[in-house]
Structure formats: C-alpha cells, structure tokens
Amino acid sequence: MRGIIHLNNPYGDDKAIESCSIFGMMDTTGRRFGGRDVIRAIANMHDRSNGLGGGFAVYGIYPQYASYYAFHLMYLTVEARWDVEEYLKQNFNLIWAEEVPTQKTSGIVDPPLVWRYFLEVGNLRSEGQSEDDYVANRVMEIDTKLEGAFVFSSGKDMGVFKGVGYPEDIAHFFCLDSYEGYLWTAHGRFPTNTPGWWGGAHPFNILDWTVIHNGEISSYGINRRYLEQFGYQCTFETDSEVVAYAVDLLMRRHELPIEIVARIMAPPFWDQIERMSRAEQDLCRTLRQVYGSLLLNGPFTVIIAHQGEMIGLTDRIRLRPLTVGVKNSMLYLSSEESSIRLVCPDLDKAWIPMGGEPIVGRLKISEECPGVVMPQEVEVS
Amino acid sequence: MAANRRQDSQFKVDATGLHYRRLNQLLRQAVADGAERIELQNVYGQRYIGTDLDREVEIEIQGTPGNDLGSFMNGPRITVYGNAQDGCGNTMNDGQIIIHGHAGDILGFSARGGKIFVRGDVGYRAGIHMKEYQDKKPVLVIGGTAQDFLGEYMAGGMLILLGLNLREGEYHRASFIGTGMHGGVIYLRGSVDQFQLGREVGVAEIDEVDCSNLDRLVGEFASYFSYNAAEILKGRFIKLLPLWLRPYGNLYVY
C-alpha cells in the first residue's frame, strides 16, 4: 500500500483520508446538456479519490444511433481487437465502428485502446429470447472468453467512459465536454480491497444499467454466486460489479420497481418488520426469503441509472453519505452537498435522505408522473 | 491569494478555488496576525476549516463548508450561513459552531468541549462518542429532528433535540437513540416511542437542574436563530440517561 499513499498524498504525511466520490445529475424533462457541470462537481471532490479510478455514464448521448446497442470496448492488445471485431461480425449486424476519441492527458498513463461499435441484433437469437438477453449473454461471452478485451458499456443511446486516473482527467482524456446527455453520473475512486485498473473503475454496466458505488460490499461472495446462477460472470475484480448485475436481474428481468429492489438490497431490520402491517410484513418476509442472497451487506451509497431513471440509495444504517438537491426539473445526487452548490448555488431544496430510502428521478412524461419522486415531505433549507 | 486585511482586525478571504490546506494556512496566518473577525466567502467543500485555531475569533462562512468543520478547534466561534456536511465539530475542544441550515452525519463526533447549535435537522449519529471531563462538557443543540443513532456511544456532555419542525402529533423518526450510551444526558422535546431508544438508555422526567440547563442553552439557541425561547420551553421535554456507566464492562471477563 505504500505506493498508494505516495500516489495520493504529496504532503508526505502518512494519512490516506480518501473515500469514493459520487455525483449524478438528471434533467427530468429530458433536456440534454453538456458535461461541464458534472465534471466541475466531481472534480470538487478530488480529495475523496486517489487517482486510481474515475468514470462517467451519460444517457441520451447517441441520438443518431439510438436504436442500436452501443458497445464500448477496452483492448489491451491489437490482436484482441481483431478477435472481438470478428466475433461482433459473426453475432451482430455491425452498423458502425470507430475508435473513441481521446486526447493526451497528463495523469492518464498507458491507456488501453478504446473502440465503440453500434450493433443490431440480427436473426441469430433463439426463439423466445429477448434482444436484451441475447446482448447480455454476448457481453459475458466476450468478457470471459476473449483475451485482453472488456465490454464496459453495452446499452442503447448511452455510454460509459472510465479508466485509471482522477475523474476530471478521465473526462479530459475522453473529451467529455463535447458530449451531451440528459442524465450524467460520475465517480472518483479510492480502491480499498481490489486493484485499481481500467476495467475496475466505475460505473459498472450491463445493457443500459449503470452503477457507481461508494463503500464495500462485504456480501460480494454470496451475491456473486447467486448471480452466476442467472448467467452473470463477474470479471472486473471488484465488489461493486455485483450491484450492476443485481439491478439488471431484479429490475429488467424480474421487472421489480425500485421501491421493492430497495427492500431487497437494504431490507428493513426484522424488528422493524414486526411493527409493520400484516400485508407489509408478508411482503418483506417474502422478499428476504426469495432474494436473501441479494441483500447487500456492508456500507454503501450507490447511484443506479438506466434510460429514463436515476436512483440514489444508501445502506440501511447509512454508513456512506448521500445528499440530494433539486432545482426546477434538475435532480442532483452527491456524496457532498458542496459539489451540488458549486454548480447550482440556489437550490429549491437540499436534504439528506434516510438510510435505505431510495431517491428516484424519472423522466417527466405527464403531470401525473412527477420528475422527482419525493419519499416524504422534506425540509426546505 | 491572500487574506485581505480590513480595519479593526477584520479579515476577508475569497475561498474560490482554494484547496483546504491553503485556506487553513491563511486562517492560521490571520489569527497569528491578530484577526478578531474573519469572513470566508465562496466556500465550497473545503475541509477542516478552523482546525487547530486556539483562541477566540469570529469566523463567518458563506457557502457550504466541507467535512470536519471545526475539527480539533479550540476557541473560535464559527457561524455558517448555510448547511454543514459530515463530521462537523469532530473532536473539538472549545468554541462554538452555529449552523443556520442543516448538518450531515456524525455531528460533534468525539467532541470534548464547546457548543454546536444547528437550526435545522442533523444526519446519522449526531453526538457519537462525545465525552466530558471535569468542567469540559460539550453541548449539541439541534433545532430540527435527527436521523438514527443520535447520541450513539455517548460518554458525556449534553445533547438537546428540539424537534421544532415536527408537526402536531408527529414523532421523531430516529431509531437507535442512545445506543451504547454510557455517559452524559440527552434532552428530547417531542415524542418518541420506546422502540426508538437504544437498550442502554432509560427515560426520566426533568428536574430543576435540567430546567436550568435547558433555560440557559435553549435561550442561547433562540438568540442565534431569532426564536422565542419561552415558546420552545413550553414544550414537553424528557431526559434520556444511560442505565449503566459501563454497559459492556463484563463482556470480556470470563
């Protein structure tokens, strides 16, 4: 660990004060905006990360290719690219391929090759299999069977950009100020138990689901084994990866709403359950019986996103921070309120949600469907 | 960037873009140069503001100070015209912190002395492991409500929760209040159920000594935030005390 301390603390004292930083902002009207504010906000929490991982997820980014799956791939070797491109041509209709634009950035050392592909699912999928299932299986196949290649983004009209470095340097490296989206999440990493490498940076992704995480999933082993039964292979060597696959399983495949998913990942304690109404007790007990292996143990704050929705959630005793800000149609989630205030000093509301209580931003489609789902009456301050 | 000196030992610092190490250097320098009043503007997340300052001085903060505001502080009075983040008052020894908005988690963490007044709500674990020794008794006064684990492992000092933003009949939402508490006292205005309390605390009615404590500290709270102290004191208060001074004294004794 000496190396890490030298990397992150130039002042020569022996402290490593960091933790991860997470930030998300969403315009619930669907208006697309550039990366400037999200980059400033995550850079403001520079001291929470240590240069061993930074990343972003952007939704609404590829309107010209919105109906195609956008794959972002990292290659450790040129040969890996040839293998993967051969594989993609065999398994998809390849609409477009290009190298992801990058620029030389001090602080970004020895990056992999990064390419993106816009893909259409042809007639190769089996009877009854959904396009999403077909694509998720192909992602797992590339990650586990092809040497030196990782799919780090695989959804439609969204993209993940990540690597080893501070988040603001990663943003510069990937020229993120030239993209627009209606929902951005950002992460600065301070790896605790697992290596700092390009694939291990956040966000973690499958299809259009992304997760950024601050904390430690100590139930990783149980969660991982459970997810393997459903075809998910954990290949990114870090605990946070299981959260992305868990939300894909629960929210996409099992079609559960986040209010239920929150009770699976951060369930109420047994004595709280005993004080609930009979119907609620039955629900909570059933969830703990059926999905007990997806309980996330240990401290966490996550921001989960997919097309049209951004969700903030902490563990039930809130061992990691989350602050919420709202200004008109904009929802902000952050490890620290100061980063929200930096880009929006005059918030309508700012508050700190209770542990285990999801904060949800949804695209506002009508008056009946409000953009930000308030958990309860909140104090304005 | 340097602190601008004005007349009568007043200093003003524009914190825009300043790293916390530089900002705290400027504060130390200003205090060494005889500052009586320091105004910090455009503060966005700089940590440890006021740390290791060890005499009385007024520090006013416009913006959102970062984590561990006033940690290890010994004497200054910090006023925040906004919200505070996590770890405010960490291990502070003396002085006051006055927050006009809300505060985040672990407010007054391990405080050994001084007073913290928060107008709004506070996050998880406010007052965790506050302690006292002889005349050093830290005080937290919270105008709103608190989240879980209020006064966790509290070893001394005084924690007052006023619940001024609760509606008629509304209970405080915090659970695990006073879990592991083994010293000090919590005064609570507003209602809680027994299940919201930790196993280590008991409930008592307030006595004359408590009333004089409350008069004094609620009076001070009210003076900072323009409340009517008498109105607040009309509410019903209960007192939470630790049932044992060493709840786990026998845990490892076979």
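Because the structure is a prediction, the values reported are computed rather than measured.

What about the pairing of strand 6 (residues 94–99) of chain B?
Residues and elements named next belong to chain B. Strand direction decides the pairing type here: strand 5 (residues 74–81) and strand 6, joined by five bridges, are parallel. Of the residues in strand 6, the one forming a bridge with Asn74 is Asp94. In this sheet, strand 7 (residues 115–118) lies alongside strand 6 in parallel orientation, the contact comprising four bridges. Following the sheet pairing, Ile97 is matched in strand 7 by Ile116.

Structural notes on the environment of Gly180(B)
Residues and elements named next belong to chain B. Mapped onto the secondary structure, Gly180 falls in the loop between strand 9 (155–161) and strand 10 (183–189). As for Gly180 and Arg199, which are separated by 19 residues in sequence, their C-alpha atoms are 7.6 Å apart. Residues within four places of Gly180 in sequence aside, it is in contact with Tyr153, Met154 and Glu200.

Comments concerning the pattern of salt bridges
For the coordinates displayed, the defined rule picks out 33 salt bridges over all chains. Asp248(A) serves as the salt-bridge partner of Arg252(A), at 2.6 Å between the closest nitrogen and oxygen. Separated by four residues within a single helix, Arg252(A) and Asp248(A) lie in helix 7 (residues 241–253), roughly one turn from each other. Look at Arg252(A) and you get buried, because its relative accessible area is 15%. In this structure, Glu205(B) engages Arg236(B) in a salt bridge whose closest nitrogen and oxygen atoms are separated by 3.2 Å. Of the two residues, Glu205(B) sits in the loop between strand 11 (201–204) and helix 2 (208–225) while Arg236(B) sits in the loop between helix 3 (229–233) and strand 12 (237–242), which places them 31 residues apart along the sequence. Each of the salt bridges in this network shares a partner with another, and the network as a whole consists of Arg36(A), Asp37(A) and Arg40(A).

Here we look at the packing of helix 3 (residues 78–91) of chain A against helix 4 (residues 131–145) of chain A
All names here are of chain A. In the contact formed by helix 3 and helix 4, the axes pass within 12 Å of each other and the chain directions differ by 155 degrees. Taken together, the axes of helix 3 and helix 4 are roughly antiparallel relative to one another. The crossing of helix 3 and helix 4 is right-handed. Contact residues: Val84, Tyr87, Leu88 and Asn91 in helix 3; Tyr134, Arg138, Glu141 and Ile142 in helix 4. Of the residues assigned to the contact of helix 3 with helix 4, the class counts are five nonpolar, one polar and two charged.

Digging into the interface of chain B and chain A
Taken together, the 29 residues of chain B in the interface contact 31 residues of chain A. When the buried area of chain B at its contact with chain A is split by residue, Arg21(B), Tyr44(B) and Arg173(B) rank highest and sum to 24% of it. Inspection of the region where chain B meets chain A yields three salt bridges. Across the pair Glu336(A) and Arg47(B) runs a salt bridge, and its minimum N-O distance is 3.7 Å. At the boundary of chain B with chain A, the tally comes to 13 residue pairs in polar contact (both at pLDDT 80 or more). Across the side of chain B that touches chain A, the residue classes break down as eight nonpolar, twelve polar and nine charged.

As for helix 6 (residues 220–228) of chain A
Residues and elements named next belong to chain A. Within the sequence span of helix 6, burial applies to Tyr220, Asn223, Tyr226 and Leu227. Viewed end-on, helix 6 has its buried residues packed into an arc of 135 degrees, placing them on one side of the element. Looking at the buried positions of helix 6, the neighbouring elements they touch are helix 7 and helix 10 (278–290).

Topic: the sheet that holds strand 10 (residues 183–188) of chain A
Residues and elements named next belong to chain A. Strand order in the open sheet made by the seven strands is 8-3-10-1-16-15-17, with antiparallel pairing throughout. At either end of the open sheet lies a strand with only one pairing partner, and these are strand 8 (158–163) and strand 17 (349–351). For this sheet the average axis-to-axis angle between neighbouring strands, irrespective of direction, equals 10 degrees. Pairing of strand 1 (residues 21–27) with strand 10 involves six bridges; the strand directions are antiparallel.

Criteria and thresholds
Residues numbered from 1 in each chain as written. Chains lettered and ligands numbered in written order. Predicted model: local features only at pLDDT ≥ 70, side-chain atom pairs only at ≥ 80, totals over all residues. Heavy atoms only, no water. Pairing = 2+ DSSP bridges. Helix = DSSP H or I, 4+ residues; strand = E, 2+ residues; numbered from the N terminus. Contact = heavy atoms within 4.5 Å. Salt bridge = Lys/Arg side-chain N within 4 Å of Asp/Glu carboxyl O. Buried < 20%, exposed > 50% of the residue type's maximum accessible area, 1.4 Å probe, protein only. Axes fitted to C-alpha atoms, helices over the stretch in contact; angles between N-to-C directions. Parallel < 35°, antiparallel > 145°, perpendicular 65-115°, else oblique. Left-handed = near helix turned anticlockwise from the far one by under 90°. Nonpolar A, V, L, I, M, F, W, Y, C, P; charged D, E, K, R; others polar. Buried area = accessible area lost by both parts, 1.4 Å probe. Polar contact = N/O pair within 3.5 Å; in protein donor to acceptor, adjacent residues only side chain to side chain. Arc of directions from axis to C-beta.

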